[in-house]
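Each chain, letter by letter, is given below.
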Amino acid sequence: MTPAPTDKNRPRRDVPRATGSGMRADVGDEIVVRGAAPGVIAREGEVVGVHHPDGSPPYEVCWSDSGRVTLYFPGPDAYVRHLAHTSTPDERGR
């Protein structure tokens, strides 16, 4: 008999999963960094620069709370919110 899953072992369905090393973004996508409490967004910003043609990190992100652009290496608490847009290879390289 298999024990019933506990809340600790049950995957959360209300929060998108961070993709870690498999993360991919395009210019114009949003980076969302989750806060410590469930459903709380600690920080979000727009991807304004992608350094690799495949869209892998790091990214240049313009943070909505400060307007500053920083080089960002996402951690496991971050995910990409893909927005409907088209990008050219030139935009990805910026």
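What counts, and where the lines are drawn
- Numbering of residues starts from 1 in each chain and follows the order in which that chain's sequence is written.
- In keeping with the model being predicted, local features are shown solely for residues with a pLDDT of at least 70 and side-chain atom pairs are shown and tallied solely at 80 or more, while totals for entire chains, interfaces and linings include all residues.
- To obtain the side-chain values, all non-hydrogen atoms of the structure were used and water was disregarded.
- For helices the rule is a DSSP run of H or I covering at least 4 residues; for strands it is a run of E covering at least 2, with both sets numbered from the N terminus onward.
- Accessible area is worked out with a 1.4 Å probe on protein chains only. A residue is then buried under 20% of its type maximum, exposed over 50%, and partly exposed in between.
- We call two residues in contact when some of their heavy atoms are within 4.5 Å.
- Using the Shrake-Rupley algorithm and a 1.4 Å probe, accessible areas are obtained, with residue cover drawn only from the displayed protein chains.
- In this text, buried Ala, Val, Leu, Ile, Met, Phe, Trp, Tyr and Cys residues form a nonpolar core when linked through side-chain atoms within 4.5 Å.
- Salt bridges are counted wherever a side-chain nitrogen of Lys or Arg sits within 4 Å of a carboxyl oxygen of Asp or Glu.
- What pLDDT expresses is the predictor's confidence in each residue, scored from 0 to 100.

Draft legend 1. Structural detail: the overall build of the protein chain. The number of helices and strands found in the protein chain is 1 helix and 5 strands. Its helices and strands in sequence order give the protein chain the pattern β-β-β-β-β-α, from N to C terminus. Classification of the 94 residues of the protein chain by burial places 24% in the buried group. Contacts in the protein chain between residues at least 24 apart in sequence constitute 49% of all its contacts with a sequence separation of at least 6. Total accessible area on the protein chain stands at roughly 6400 Å², and carbon and sulfur atoms take up 54% of it.

Draft legend 2. Molecular detail of the nonpolar core. Met23, Ala25, Ile31, Val33, Val47, Val50, Tyr59, Val61, Trp63, Tyr72, Ala78 and Val80 form the largest nonpolar core, which has 12 residues in total. Elements represented by at least two residues in this core include exactly β1 (30–34), β2 (41–50), β3 (59–63) and β5 (78–81). In terms of residue count, β3 provides more of this core than any other element does, 3 residues in total.

Draft legend 3. Structural detail: the pattern of salt bridges. The full count for this structure, using the stated rule, is 4 salt bridges. A salt bridge links Glu44 to Arg81; the shortest N-O distance between them is 3.6 Å. One end of the pair, Glu44, is in strand β2; the other, Arg81, is in strand β5, with 37 residues separating them in the sequence. Through salt bridges that share partners, Glu30, Glu44 and Arg81 make up one connected network.

Draft legend 4. Local environment of the environment of Glu60. Within the secondary structure, Glu60 is located in strand β3. Taking the relative accessible area as the measure of exposure, Glu60 reaches 27% and is therefore partly exposed. Note: C-alpha distance between Glu60 and Thr70 (10 residues apart in sequence) is 5.5 Å. In this structure, Glu60 is in contact with Glu46, Val47, Val48, Gly49, His51, Val69, Thr70 and Leu71, ignoring residues within four places of it in sequence.

Draft legend 5. Up close: the confidence of the model for the protein chain. The share of residues in the protein chain with pLDDT of 70 or more is 67%, and the mean pLDDT across the chain is 78. Put simply, helix α1 (residues 89–92) is where the protein chain has its lowest mean pLDDT, 52, and β3 is where it has its highest, 98.

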